[in-house]
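Here is how the chains run, residue by residue.
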Amino acid sequence: MRRAQRSMSAALAGCLTAMALSACGGEPPSGTETAGGPLTVWFPGNAEAEMKLVNETIVPAFEKAGGTDVEITYVDWDEMSPKLNAAFAAGTAPDVIGHGVAATADLAANDRVEDLTPYVAKLPASDREDLKSALDGGVVGGKQYIAPLIMTLRMLVYSGADFKEAGLDPDAPPKTWAEVRAAAEKLTKREGGKISRAGLIMPSNPISIQQSYATLLWSHGGDFLTPDGKKSALTSPEAVAALEYMTGLYQGAQAVDNTLGTEWGGSPHAQQPIVTGEASMQLSSSGDIKKYQDAGPDRDLRLMPPPAVEGHEARSFGGAANGLMINKDSDQKDQAWAFITHMLQPETSVAYAEALGVLPARASAVDSAYVSKNPELKKAVESLPAAKGNPNVVGWVQMRDAMGQSLERALHGKTPPAEALKQAAAEMDKIIASSS
């Protein structure tokens, strides 16, 4: 494991040290001793800004305030689950486990992670309320197993310049998905029968396809599972209508998206289609808006509040994202919780979200300098009530992947939407049955 670096600015160190472990009930219990060496923490991903902040500021402040040494390891997202499983088998899993919320239910079902409910109950009421939306996203079977550090929300980024050029009012963006589709047709440019500028693009690569569909599914009033979680709900009329909308973006003479299957989610911000001018509207993580604006200042890039479908409330994929869990076998659980609450401190939480370019876990962050100085980012935080996350149920990752394969076949025109969803539902029902 790599030791966290210890350099930090004196000013920020003082700020964090003063707050560290004092709020959120994060002070280590008196007389608590660390057992077996330093507290070990795994974070998923290897974003440079995140590593710099954690290594040079957050960890040193925690160590100074709590007297506990911390070892941080960064694990690529694709390798996190395999490495974690191997570490559990070998008895070397970290004390604090960072992962996506989607992985929580399986870890809880396998008794790998600690029930955090008693810890959360000791937080001040004001903190529990401020973190409510994030914490709610980490509940499995009525118990808190993960403490989310950040929030996310998919929103349509649109070009005000393109809107004006197409005769659309950038100050009055579409409010429904039907209006979004109509605007996309006006915004789409074609040359030689091919799309030269897409009116609307959605992530459709294997990893992101389910999240894009989720936004449309929930907006249409559908869901992935029945209310009791015992069956797939993908054969509903709402589910079919949502997939028909999505396939219509890519198929037929009036197609408005020419990026089917393209892996551009991890591309530099300056190369994103909405920035280069290859697209006029792009479903994206709303936290990226400032980076898009910086990369394409002439594009007048803005965020559109989540559109609705007539008769239904606006919904979009989002909510609690990455978070921290405690290893059930850790012999430093109190210190582990102290580290988690340190990460949830107001200033730390905002700084962490800013480093990742996402939305903070605390509702009060809307008044922070990071959010309030950018009207579009503030719009994103204010739109979080429309966020909805994937189900926190056992086997969800398998269900998600099986569903993604069926969605791909539909988008590529190989299987009609209704049949693709029927196939996905059958696979999901098998996974649910085997997980019961």
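For the overall build of the chain, give the residues involved together with the corresponding values.
Check the secondary structure of the chain and you find 19 helices and 16 strands. Computed over its C-alpha atoms, the radius of gyration of the chain comes to 22 Å, within 12% of the 22 Å expected for a compact globule of 436 residues. When its C-alpha atoms are laid out on the principal axes, the chain stretches across 70 × 50 × 35 Å. Residue pairs at least 24 apart in sequence account for 75% of intrachain contacts in the chain once pairs closer than 6 positions are excluded. Only carbon and sulfur atoms are counted for the fraction: they give 50% of the accessible area of the chain, which is about 18,000 Å². Across the chain, the 39 positively charged side chains and the 53 negatively charged ones have centroids separated by 3 Å.

Explain the pairing of strand E8 (residues 150-159) to me, using residue names and the numbers behind them.
A large share of E8 lies buried, amounting to 10 of its 10 residues. In E8, alternate side chains face the same way, and those of Ile150, Thr152, Arg154, Leu156 and Tyr158 on one face and Met151, Leu153, Met155, Val157 and Ser159 on the other are all buried. Strand direction decides the pairing type here: E8 and strand E15 (residues 359-360), joined by 2 bridges, are antiparallel. Bridge assignment links methionine 151 to a residue of E15, and that residue is leucine 359. Of the strand pairs in this sheet, E8 and strand E13 (residues 316-320) are connected by 3 bridges, and their pairing is antiparallel. Note that in E13 the partner of leucine 153 across the bridge is glycine 318.

Before we move on, could you go through the confidence of the model for the chain and cite the residues and values that matter?
Residues with a pLDDT of 70 or more make up 91% of the chain, whose mean pLDDT is 90. Considering only residues more than four positions removed or in separate chains, one finds that residues 1-34, a stretch of pLDDT under 50, has 77 contacts.

Got a sec to walk through the side chain of serine 236? Specific residues and values, please.
Inspection of the secondary structure assignment puts serine 236 in the loop between helix H10 (209-219) and helix H11 (237-248). A polar side-chain atom of serine 236 sits 3.1 Å from the main-chain amide nitrogen of alanine 239.

Now, about the packing of aromatic side chains: what can you tell me, with residues and values included?
Under the definition given, this model contains 10 aromatic pairs. Between the aromatic rings of phenylalanine 43 and tyrosine 352, the centroid separation amounts to 6.3 Å while the plane-to-plane angle is 45°, which identifies the pairing as tilted. Here phenylalanine 43 is found in strand E2 (residues 39-44), whereas its partner tyrosine 352 is found in helix H15 (residues 346-356), with 309 residues between them in sequence. For the pair formed by phenylalanine 43 and tyrosine 352, the shared burial category is buried. Through successive ring pairs, a cluster of aromatic residues spans Tyr213, Trp218, Phe224, Phe317 and Trp396.

Can you break down the nonpolar core residue by residue, with the values?
Formed by 78 residues in total, the largest nonpolar core has its most connected members in Phe43, Ile72, Phe339 and Tyr352. Formed by 48 residues, the second largest nonpolar core is a distinct cluster that contains Trp177, Tyr213, Leu225 and Tyr250.

Can you explain the pattern of salt bridges? Please cite residues and give values.
For the structure on display, the rule yields 22 salt bridges. Among the ionic pairs, glutamate 79 bridges to lysine 83, the shortest N-O distance being 3.1 Å. Placement of both glutamate 79 and lysine 83 in helix H3 (residues 77-90) is noted, with a separation of 4 residues, approximately one turn of the helix. For glutamate 79, a relative accessible area of 34% corresponds to the partly exposed category.

I'd love a proper account of the side chain of serine 406, names of residues and values included.
Looking at the element boundaries, serine 406 is found in helix H18 (residues 396-411). For serine 406, a relative accessible area of 3% corresponds to the buried category. Ignoring anything within four residues of it in the chain, the contact list for serine 406 reads Ala420, Gln423 and Ala424.

Give me the lowdown on H11, citing residues and values where you can.
The end-to-end C-alpha distance of H11 is 16 Å, a good match for the 16 Å that 12 residues give at a rise of 1.5 Å each. The complete set of buried residues in H11 reads Ala239, Val240, Ala242, Leu243, Tyr245, Met246 and Thr247. Where H11 is buried, its residues meet helix H9 (177-187), H10, H18 and helix H19 (417-435).

Tell me about unusual backbone geometry, residues and numbers included.
In the Ramachandran plot, aspartate 111 falls in the positive-phi region, its phi being about 60° despite a non-glycine side chain. Residue placement: aspartate 111 occurs in the loop between helix H4 (104-109) and helix H5 (117-121). Owing to a relative accessible area of 46%, aspartate 111 belongs among the partly exposed residues under this scheme. Even without being glycine, aspartate 300 reaches a positive phi, approximately 50°. Along the polypeptide, aspartate 300 turns up in the loop between helix H13 (289-295) and strand E12 (301-304).

Could you give an account of H10, naming the residues involved and the relevant values?
For H10, a buried count of 11 out of 11 residues is recorded, marking the element as mostly surrounded by other parts of the structure. Buried within H10 are the following residues: Ile209, Gln210, Gln211, Ser212, Tyr213, Ala214, Thr215, Leu216, Leu217, Trp218 and Ser219. Count one or two residues on from H10 and you reach glycine 221, which has phi positive near 90°.

Reading the values: the criteria
- Along each chain, numbering runs from 1 in the same order as the chain's sequence is written.
- Where totals are concerned, whole chains, interfaces and linings use all residues; where local detail is concerned, this predicted model gives features only for residues with pLDDT of at least 70, and gives and counts side-chain atom pairs only at 80 or more.
- Hydrogens and waters are ignored; side-chain quantities use all the structure's heavy atoms.
- Runs of E in the DSSP output that reach at least two residues are strands. Runs of H or I that reach at least four are helices, and both are numbered from the N terminus.
- Radius of gyration: over C-alpha atoms. The globule rule applied is 2.2 Å multiplied by the number of residues raised to the 0.38 power.
- Two residues qualify as a contact provided that any one of their heavy atoms is within 4.5 Å of a heavy atom in the partner residue.
- For the area figures, the Shrake-Rupley method with a 1.4 Å probe applies, and any residue is considered shielded solely by the protein chains shown.
- Only four residue types enter the charge count, namely Lys and Arg as positive and Asp and Glu as negative; His and the chain termini do not.
- Where a charge sits is defined by one atom per residue type, namely NZ (Lys), CZ (Arg), CG (Asp) or CD (Glu).
- Burial classes follow relative accessibility: with a 1.4 Å probe on protein chains only, a residue under 20% of its type's maximum area counts as buried, one over 50% as exposed, and anything between as partly exposed.
- Two strands pair under a simple rule: DSSP has to find at least two bridges between them.
- Confidence per residue, as judged by the predictor, is encoded in pLDDT with a range of 0 to 100.
- Between N or O atoms, a polar contact is any pair within 3.5 Å; within protein, one atom must be a potential hydrogen donor and the other a potential acceptor, and residues adjacent in sequence are included only when both atoms are from side chains.
- Stacked, tilted and edge-to-face pairs are distinguished by plane angle, under 30 degrees for stacked and over 60 for edge-to-face with tilted covering the rest, among Phe, Tyr and Trp rings (Trp via its six-membered ring) whose centres lie within 6.5 Å.
- By nonpolar core is meant a set of buried Ala, Val, Leu, Ile, Met, Phe, Trp, Tyr and Cys residues that side-chain atoms within 4.5 Å join together.
- Any Lys or Arg side-chain nitrogen located within 4 Å of an Asp or Glu carboxyl oxygen qualifies as a salt bridge.
- Multiply 1.5 Å by the residue count of a helix minus one, and that product is the helix's expected span.

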